[in-house]
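Residue strings, one per chain:
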Amino acid sequence: MNAKDVLGRRGEQLAAQYLERAGFRILDRNWRCAEGEIDIVAAERRVLVVCEVKTRSSDRYGGPLDAITRAKQARLRRLAIRWLVAHGVLFDEVRIDVIGLVRDRSGHFTVEHVRGVG
């Protein structure tokens, strides 16, 4: 596994822990279908939350949240619907969140959680 993949996996683990501490219930991680992958599927009360996690080793080339384009938001919305259909569950609302993590030189991560991006 290369360094970028290791960093990404670490970021996803930290994001899941962050969400759990914030009161979210993790329903699924790295869920895949033919159209793509959802990093984290969580529930916040009666809201299904699809989380895209972006982890960077620095913000030299832009922050992790800069990677979320309108096309990516639309794809995440489609994937959320696919997840709901595959699992046969209903929620009052579906929300797309982004969690951006940046590792500093000492190895610590800062976490930014943006709710409702798409």
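This write-up is about the structure you can find in this document. The structure presented is a predicted model; accordingly, all values stated were derived computationally and were not measured. (Residues numbered from 1 in each chain as written. Predicted model: local features only at pLDDT ≥ 70, side-chain atom pairs only at ≥ 80, totals over all residues. Heavy atoms only, no water.)

1. What about the sheet that holds strand β1 (residues 25–33)?
- In spatial order, the strands read β1-β2-β3-β4-β5; together these five strands make up an open sheet with mixed pairing. The open sheet has two edge strands with one neighbour each: β1 and β5 (109–114). Each strand of the sheet is rotated relative to its neighbour by a mean of 30°, with strand direction disregarded.
- Of the strand pairs in this sheet, strand β3 (residues 47–56) and strand β4 (residues 93–103) are connected by ten bridges, and their pairing is parallel. Each residue of the ladder has a partner; that of R56, found in β4, is V102. (Pairing = 2+ DSSP bridges. Helix = DSSP H or I, 4+ residues; strand = E, 2+ residues; numbered from the N terminus. Axes fitted to C-alpha atoms, helices over the stretch in contact; angles between N-to-C directions.)

2. Remarks on the pairing of β3
- Among the ten residues in β3, nine count as buried, and that is most of the element.
- The pairing of strand β2 (residues 36–44) with β3 spans five bridges and is classified as antiparallel. By the bridge assignment for β3, A42 is matched with V49.
- Hairpin remark: β2 followed by β3, antiparallel, with two residues in the connecting loop; positive phi at R45, about 60°. (Buried < 20%, exposed > 50% of the residue type's maximum accessible area, 1.4 Å probe, protein only.)

3. Section: the side chain of K54
- Its place among the elements puts K54 in strand β3.
- Looking at K54, its side chain comes within polar contact range of the side chain of E52, at 3.4 Å. (Polar contact = N/O pair within 3.5 Å; in protein donor to acceptor, adjacent residues only side chain to side chain.)

On their own, these measurements won't tell you what the molecule is for.
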